[in-house]
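Architecture and fold: a report
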Amino acid sequence: MKILVTGANGQLGRELRNVLEARMPGSAVYVDRDELDITDRAATEAFLRGSDFTHIINCAAYTAVDKAEEEYNACAAVNIDGVTNLARVADELGIRIIHVSTDYVFDGHAYRPYTESDKVNPTSQYGATKRKGETSLLGLAPDSVIVRTSWLYSPYGHNFVKTILDKASTSKRLNVVYDQIGSPTNARDLAEAIYTILTARQWKPGIINFSNEGVCSWYDFATAIVRLAGIKGCEIMPIPTADYPTPAKRPYYSVLDKNRFRVTYSYKIPHWEESLARCISRIQSGEK
Ligand SMILES: NC(=O)c1ccc[n+]([C@@H]2O[C@H](COP(=O)([O-])OP(=O)(O)OC[C@H]3O[C@@H](n4cnc5c(N)ncnc54)[C@H](OP(=O)(O)O)[C@@H]3O)[C@@H](O)[C@H]2O)c1
């Protein structure tokens, strides 16, 4: 097995490096935009043709959800065209792709967790480009696996956990929305899940959901972050989304149903609070 990890300096890319180097050292090559810009069709094709990769794990993405409302073209270039560039050549060369998508492909009007076959209806430009990327990939390279995930965080880069830790240590009060419900995902757990897909006895193409177990609002999540980090003197206040307008419209409910993952891989997924505690310890011990 020879693996290419694209977008390797992002949150998931860095956790994949941790997991793959511990479990199958030397089997992967890690590249980010400087070495391989997936929006460059010719460069992507040349890079893959000159290689002997058996698998690509695509962590490259445009992930600035609010900025994407104004920068549709830049977002689409990575999330649609970049994925298409990888898919075209990979399918021809017989390279299997594991790609990552998002709960933001859904509109959030559901009353129970979303399964892989539920109807999509993105409410943001980011969500729309991620959905088009999914469709393009499965059309051109149907042997691919797409892992949909939600509310990703890690000790690396920018994410909700790090923002709350920073703000809570310098503020007396933080307002956080209580009416958007989802499941946080520790990027280390997602990297372990991807390793499981990669090394499973049987390759199962198509879409599969993965997040941590359990459900919460951003308010619950922020409250847990502050409690687990032992931060005193900052009160987390619940506010409605209407009081915190953002350029991109986010789903009110975007919990993913993970039954397919549990059953296919006989996998026990950690609960979000337990995984959050592990990430906070890493951040507090200086990892970044
Ligand atoms: N973050 C979340 O909450 C969340 C939730 C659900 C799903 N997801 C999905 O999970 C995946 C991983 O997300 P993440 O949080 O790890 O993302 P991230 O931290 O933003 O990392 C993305 C990486 O891709 C790189 N990249 C951007 N454009 C590129 C290009 N044209 N060619 C090559 N590399 C490029 C970025 O480099 P630069 O820094 O130079 O741009 C960055 O290193 C993505 O597919 C994302 O859509 C994320």
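Here the structure is a predicted model, which means the values were calculated and not measured.

The next subject is the overall build of the protein. In terms of regular secondary structure, the protein is built from nine helices and twelve strands. Against the compact-globule benchmark of 19 Å for 288 residues, the protein has a radius of gyration of 19 Å, which places it among compact chains. For the protein, the spread of C-alpha atoms along the three principal axes comes to 55 × 40 × 35 Å. Here the protein holds 288 residues, and 46% of them are scored as buried. Long-range pairs, those at least 24 residues apart, make up 83% of the contacts in the protein with a sequence separation of at least 6.

This brings us to the environment of Ser117. Residue position: Ser117 is located in the loop between β4 (96-102) and α4 (125-140). Among the residues examined, Ser117 registers 10 C-beta atoms within 10 Å and is labelled exposed. Measuring from C-alpha to C-alpha, the distance between Ser117 and Ile207 comes to 8.3 Å, with 90 residues separating the pair along the chain.

Attention shifts here to the sheet that holds strand β3 (residues 55-58). Taken in spatial order, the six strands make up an open sheet running β2-β1-β3-β4-β5-β10, and their pairing is parallel. Edge strands, defined here as strands with exactly one partner in the open sheet, are β2 (28-31) and β10 (206-209). Across the sheet, the axes of successive neighbouring strands diverge by a mean angle of 20°, strand direction being ignored. Where strand β1 (residues 3-6) lies against β2, four bridges are found, and the strand directions are parallel.

What follows deals with helix α6 (residues 187-199). Over its 13 residues, α6 runs 18 Å from end to end, which matches the ideal 18 Å to within 8%, given 1.5 Å per residue. What α6 keeps buried is the set Ala187, Arg188, Asp189, Leu190, Ala191, Ala193, Ile194, Ile197 and Leu198.

The ligand sits among 27 residues. The nearest are Gly7, Gly10, Gln11, Ala60 and Ala61. Only α1 (11-23), α3 (72-93) and β4 provide two or more residues apiece to the shell around the ligand. Per element, the largest residue contribution to the shell around the ligand is three residues, and it comes from α1. Here the residues of the shell around the ligand sort into ten nonpolar, 13 polar and four charged.

Let us look at the nonpolar core. In this structure, Val5, Leu16, Ile97, Ile194, Ala222 and Ile225 are the most contacted members of the largest nonpolar core, which totals 75 residues. Top contributing element to this core by residue count: α3, with eight residues. What Ile97 contacts, discounting residues up to four positions off in sequence, is Ile56, Asn58, Leu86, Ala87, Ala90, Leu137, Ala141 and Ser144.

Mapped onto the fold, His55 is located in strand β3. Sequence separation between His55 and Thr123 is 68 residues, and the spatial gap between their C-alpha atoms is 32 Å. His55 has contacts with Met1, Ile3, Ile95, Arg96, Ile98 and Leu198, leaving out every residue within four places of it along the chain.

A few words on the packing of helix α2 (residues 41-49) against α3. At a closest axis distance of 9 Å, the pairing of α2 and α3 adopts a crossing angle of 30°. Relative to α3, α2 is oriented roughly parallel. Between α2 and α3 lies a crossing of right-handed hand. Contacts from Arg41, Thr44, Glu45, Leu48 and Arg49 of α2 reach α3 at Asn85, Leu86, Val89, Ala90 and Leu93.

Cut-off values and rules
Residues numbered from 1 in each chain as written. Predicted model: local features only at pLDDT ≥ 70, side-chain atom pairs only at ≥ 80, totals over all residues. Helix = DSSP H or I, 4+ residues; strand = E, 2+ residues; numbered from the N terminus. Rg over C-alpha atoms; globule rule 2.2 N^0.38 Å. Buried ≥ 20, exposed ≤ 12 C-beta atoms within 10 Å, placed from the backbone. Contact = placed C-beta atoms within 7 Å. Pairing = 2+ DSSP bridges. Axes fitted to C-alpha atoms, helices over the stretch in contact; angles between N-to-C directions. Expected span 1.5 Å × (residues − 1). Near = placed C-beta within 6 Å. Nonpolar A, V, L, I, M, F, W, Y, C, P; charged D, E, K, R; others polar. Core = buried A, V, L, I, M, F, W, Y, C linked by C-beta atoms within 7 Å. Parallel < 35°, antiparallel > 145°, perpendicular 65-115°, else oblique. Left-handed = near helix turned anticlockwise from the far one by under 90°.

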